[in-house]
Amino acid sequence: MSWGFLRDILSGVNKYSTGIGRIWLAIVFIFRLLVYVVAAEHVWKDEQKEFECNIRQPGCENVCFDHFFPVSQIRLWALQLIMVSTPSLLVVLHVAYRKSREKRHKQKLYKNPGSMDGGLLFTYLISLIFKTGFEIGFLVLFYKLYGGFNVPRLVKCDMRPCPNTVDCYISKPTEKKVFLYFVVVTSCLCIVLNVSELSYLIFKYTIKCCLQRYDKKVQIMKSECQKLKYIDPDETARTALFHSNASPVLVNTPDKPESKTYLLTREEDKNDIA
Amino acid sequence: MDWGSLQKVLGGVNKHSTSIGKIWLTVLFIFRVMILVVAAERVWGDEQSDFVCNTLQPGCKNVCYDHFFPISHIRLWALQLIFVSTPALLVAMHIAHRRHEKKRQLTSSEKVDIEELNKQKFHIQGPLWWTYTCSIFFRIIFEAVFMYVFYVMYDGYQMPRLLKCSAWPCPNTVDCFVSRPTEKTMFTIFMLSVSGICMLLNVAEMCYLVIKFCMKAPRKPATLN
C-alpha cells in the first residue's frame, strides 16, 4: 500500500471528469504527489536527528522538537493529499452503483452510467465542494500550526526540562520553506480549478435546464396549434383563432351538425402548459 | 507514485513525437532520471550528516549548511526534471481530447474498434502543431531557467571542498567541509552537459518543425494556382 494505490484509484476518476477535472488530476499527480515522493520526503527525512539545541540537558531537544512540530509538515502534506483526492472516489462509487443497478434490473436504466446528469451531477458537485473545503482547511491548519508558512532557522525554547531559554536550530529551513510555498501555490491553484469547475457545471446545467423548459413550452404551444388545425376549416373560425390572444375563443360551426366545438379557455391553457 | 509513473505518461506522447522528440525523451529518462535515481541520490544522500564544521558550537553546522545550500542539488534536479517533462503533458492532453472527440463522433454513427482508435497516431499538424511547438518552447525556457538558477545559487558549477562560514551562532569565522566535493562536481557537470544536450535537441526539433511548416505553407498557394 503506497501512493501508487491512490494513483490507481484516481486514474479511474479521470473517465468521469470534465476537462477541468482532468487538469486538476494532472496537477495533483505531477506537481503534488510526484514532487512529494521524489523530492520533499527526503528534505524532511532526518528532521528530528538534525534538530539541534544549544544544550546538553537530556530530553530538552525532544521536548522542544515536539513543542515546535506537533505534527510534522511532511505528514500534514501527506494527509492533505489523501483527503483532497478522496472525494473524487464518491463519483467512482456512484457510477459503480449505477452499473450494478442496471445489472440487477437487467435493463438499461441510464443513457450512459458515466454521463453526468441527475444524481451523478449532484455527487460530482458535492465532491468538488468537499475537495475545496479540505484544501482550504489544510491551508488554514498549516498557517495556524506553524505561524504562517515560514520556517525559521532558530527557535527559542524554554520547555521543561530545558534550563532557561535555549536556542534550537532547525535543519534545512530554507529548503523546507521553498517546498511549503510550493504546497501553498499548488493548493491555491487546485482551489481555483475546483471553483471554476463548480461554476462551470452549475452554469451549464442551469442553461440546459432553462433551454429544456423553453423547448417544452414551445412544443406544448405547437401541439395546441396542431389540435386547432383539426377543426373543420371555416373562415370565421380561422380568423377568430388568428386574431384572439388569451381571451376565450369559441369555435363553432353550427351549420353542420357533426361539427365539433372547441372552447379554448385560460384555465385549459394553464393546465396544458403545467 | 514515482518516476515510473511519469515515464508511463510521457511514453504515450512518444508515439506522436518527431524522431528528435523520441531521442530527447530517451536522453531524459536514461541519462537524467536514471542517473539521478541510481547514482546522484547516493552521492548526496549523506550531504548534511557529513557536512562538518570546525566548531563545537551547537547550531553552527545547521546554519552554515542552510546558508550554503538553500536548496539541495538533488532537489533542484528533481524539480527541473518534473518541470521539463510537464509541457509534454499538454501534447498528451490535446491528443486525448482529439481521441475523445473522435470517439464521440464515431460511436454515434458506426461500430468502432476502441483499440484501433487508441493506437492511431496523430500527425503533427494544425492545432496539434501549435501545442507541440509551445511545449518545446516551454521546455527550453524551463531548462534555461534552472541552469541559470543553479549558476546563481551555487556561484558556478563547482563544489568547493572548504567553505568559510560566519553566520550566527558560529563564533567568528568557521571552516566547514563539504563531503565528496569532487564526486559532486563531476555529477553536476555531467547533469549540466546532459541538460545542454537536451536543450540543443529541443532547439533542433523546434527549427525542424518551423521549417516543415514554412515549406508546407508556400506549397498551398502553388497547388491552388
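Once a new chain begins, its residue numbering starts again from 1 and follows that chain's sequence as written. Think of it this way: whatever chain is written first is A, whatever ligand is written first is 1, and the rest follow in order. Since the coordinates come from a predicted model, pLDDT governs what is reported: local features require at least 70, and pairs of side-chain atoms require 80 or more to be given and counted, while whole-chain, interface and lining totals use all residues. To obtain the side-chain values, all non-hydrogen atoms of the structure were used and water was disregarded.

Under an unreviewed UniProt entry, the name given to chain B is Gap junction protein, and the organism recorded is Chelydra serpentina. UniProt positions are given in the numbering used here, feature names are shortened, and annotations may be inferred rather than shown by experiment. Of the comments in the UniProt record for chain B, the one headed Function (unreviewed entry) reads "One gap junction consists of a cluster of closely packed pairs of transmembrane channels, the connexons, through which materials of low MW diffuse from one cell to a neighboring cell." Database annotation for chain B, UniProt heading Sequence similarities (unreviewed entry): "Belongs to the connexin family."

Going by an unreviewed UniProt entry, chain A carries the name Gap junction protein and comes from Chelydra serpentina. As its UniProt record puts it under Function (unreviewed entry), chain A is described as follows: "One gap junction consists of a cluster of closely packed pairs of transmembrane channels, the connexons, through which materials of low MW diffuse from one cell to a neighboring cell." Turning to chain A, the UniProt annotation filed under Sequence similarities (unreviewed entry) states: "Belongs to the connexin family."

Turning our attention to the interface of chain B and chain A. Throughout, a contact is declared for two residues whenever any of their heavy atoms are within 4.5 Å. Taken residue by residue, the interface counts 29 residues in chain B and 32 residues in chain A. Surface buried jointly by chain B and chain A totals about 2,900 Å² across both partners, of which 65% is contributed by carbon and sulfur atoms. Put simply, a salt bridge is a Lys or Arg side-chain nitrogen that is within 4 Å of an Asp or Glu carboxyl oxygen. Where chain B packs against chain A, one counts two salt bridges. Across the pair Arg75 of chain B and Glu175 of chain A runs a salt bridge whose closest N-O atoms are separated by 2.7 Å. Polar contact is the term for a pair of N or O atoms within 3.5 Å; when the atoms are in protein, one must be able to donate a hydrogen and the other to accept it, and sequence-neighboring residues count only if both atoms are side-chain atoms. At the surface where chain B touches chain A, the tally comes to seven residue pairs in polar contact (both at pLDDT 80 or more). Numbering of helices and strands runs from the N terminus, with a helix taken as a DSSP run of H or I at least four residues long and a strand as a DSSP run of E at least two residues long. Secondary structure elements with two or more residues in the side of chain B that touches chain A: helix H1 (3-14), helix H3 (60-68) and helix H4 (73-109) of chain B. With eight residues, the top contributor of residues to the side of chain B that touches chain A is H4 of chain B. Per-class residue counts for the side of chain B that touches chain A are 16 nonpolar, eight polar and five charged. Buried area, as used here, totals the accessible surface that two parts lose on assembly, with accessibility defined by a 1.4 Å probe and the loss added over both. For this classification, the nonpolar set comprises Ala, Val, Leu, Ile, Met, Phe, Trp, Tyr, Cys and Pro, the charged set comprises Asp, Glu, Lys and Arg, and every other residue, Gly included, is treated as polar.

Right, let's get into the UniProt feature "domain: Connexin cysteine-rich" (unreviewed entry) in chain A. Under the feature "domain: Connexin cysteine-rich" (unreviewed entry), the UniProt entry names residues 134-201 of chain A. The straight-line gap between the two end C-alpha atoms of residues 134-201 of chain A is 20 Å; of that span, 62% is helix and 12% is strand.

Our next topic: a nonpolar patch on the surface. Together, Ile23 of chain A together with Leu90, Met93, Phe137, Phe138, Ile141 and Val145 of chain B make up a nonpolar patch on the protein surface, roughly 560 Å² of accessible area in all. In terms of residue count, the dominant contributor to the nonpolar patch is helix H6 (residues 127-153) of chain B (four residues). Mapped onto the fold, Phe138 of chain B is located in helix H6. A patch is a set of surface residues, each over 30% in relative accessible area and not in a salt bridge, joined within 9 Å for like charges and within 5 Å for the nonpolar side chains Val, Leu, Ile, Met, Phe, Trp and Tyr. Residue burial considers only the protein chains on display, and all accessible areas are found by Shrake-Rupley using a 1.4 Å probe.

All names here are of chain A. Tracing the sequence through the fold places Asp158 in the loop between strand E2 (154-157) and strand E3 (166-169). Taking C-alpha positions, Asp158 is 86 Å from Glu224, a pair spaced 66 residues apart along the chain. Sequence-distant contacts of Asp158, defined by excluding residues within four places in its chain, comprise Asn164 and Thr165.

For chain A, the mean per-residue pLDDT works out to 81, and 81% of the residues sit at or above 70. Taken together, the stretch residues 244-274 of chain A has pLDDT below 50 and engages in 29 contacts with residues farther than four places along the chain or on a different chain. One confidence number per residue, pLDDT, is output by the predictor and ranges from 0 to 100.

Looking now at the pattern of salt bridges. Under the counting rule described, the total for this entry stands at 10 salt bridges over all chains. Salt-bridge contacts for Arg153 of chain A lead to Asp66 of chain B; the nearest nitrogen and oxygen are separated by 2.9 Å. Here the residue Arg153 of chain A occupies a position in the loop between helix H6 (119-146) and E2, and Asp66 of chain B occupies one in helix H3, the pair thus bridging two chains. Residues Arg75 of chain B and Glu47 of chain B are paired through a salt bridge, measuring 3.4 Å at the closest nitrogen-oxygen approach.

Cross-referencing UniProt, the feature "domain: Connexin cysteine-rich" (unreviewed entry) maps to residues 142-209 of chain B in the present numbering. This span, residues 142-209 of chain B, is 60% helix and 12% strand, and a straight line between its end C-alpha atoms measures 20 Å.

The next thing to look at is the sheet that holds strand E2 (residues 162-165) of chain B. Residues and elements named next belong to chain B. What makes two strands pair is DSSP finding at least two bridges between them. The three strands are arranged E1-E3-E2 in an open sheet whose pairing can be described as antiparallel. Bordering the open sheet on either side are strand E1 (52-53) and E2, each of which pairs with just one other strand. Of the strands in this sheet, E1, E2 and strand E3 (174-177) are in contact with H3, which crosses E2 at around 110 degrees. To get an axis, fit a line to the C-alpha atoms, keeping to the stretch in contact for a helix; angles then go from 0 to 180 degrees between the N-to-C directions.

Residue and element names in this part refer to chain A. The strand order E1-E3-E2 describes an open sheet built from three strands, whose pairing is antiparallel. Both outer strands of the open sheet, strand E1 (52-53) and E2, are each paired with one neighbouring strand and no more. Relative to E3, E2 runs antiparallel, the two being bridged by four bridges. Considered in E3, the bridge of Val155 is made with Cys168. Its contacts with the sheet place helix H3 (residues 60-68) against E1, E2 and E3, and it is angled at close to 110 degrees to E2.

Residue and element names in this part refer to chain A. Per the UniProt entry, the sites bearing "transmembrane region" (unreviewed entry) are residues 21-39, 77-97, 118-143 and 179-203 in this numbering. Between the C-alpha atoms that bound residues 21-39 there is a distance of 25 Å. The span itself is 100% helix and 0% strand. Taken end to end, residues 118-143 has its terminal C-alpha atoms 38 Å apart, with 96% of it in helix and 0% in strand.

Moving on to a positive patch on the surface. Residues and elements named next belong to chain B. Lys and Arg are tallied as positive, Asp and Glu as negative. Neither His nor the chain termini are counted. By convention, charge coordinates are those of NZ in Lys, CZ in Arg, CG in Asp, or CD in Glu. A contiguous patch of positive charge on the surface is contributed by Lys22, Lys121, Lys212 and Lys216. Its place among the elements puts Lys212 in helix H7 (residues 181-224). Judged by relative accessible area, Lys212 falls into the partly exposed class, the value being 31%. Throughout, exposure labels follow a simple rule: accessible area from a 1.4 Å probe, protein chains only, divided by the maximum for the residue type, with under 20% read as buried, over 50% as exposed, and the rest as partly exposed.

Turning our attention to H6 of chain A. The end-to-end C-alpha separation of H6 of chain A is 41 Å, in line with the 40 Å expected for 28 residues at 1.5 Å each. Within two residues after H6 of chain A, Gly147 of chain A carries a phi angle of roughly 60 degrees, on the positive side. One fewer than the residue count of a helix, multiplied by 1.5 Å, yields its expected span.

Quick look at the UniProt feature "transmembrane region" (unreviewed entry) in chain B now. The UniProt record marks residues 21-40, 77-96, 129-154 and 187-211 of chain B with the feature "transmembrane region" (unreviewed entry), using the residue numbering of this structure. Its end C-alpha atoms 38 Å apart, residues 129-154 of chain B is made of 96% helix and 0% strand.

All names here are of chain A. Residue alternation in E3 divides its side chains into two sets, Val166 and Cys168 and Asp167 and Tyr169, and both sets are buried. Bridge analysis of E1 against E3 gives two bridges, and the strand direction is antiparallel. Looking at E3, one finds that Cys53 is bridged to Cys168.

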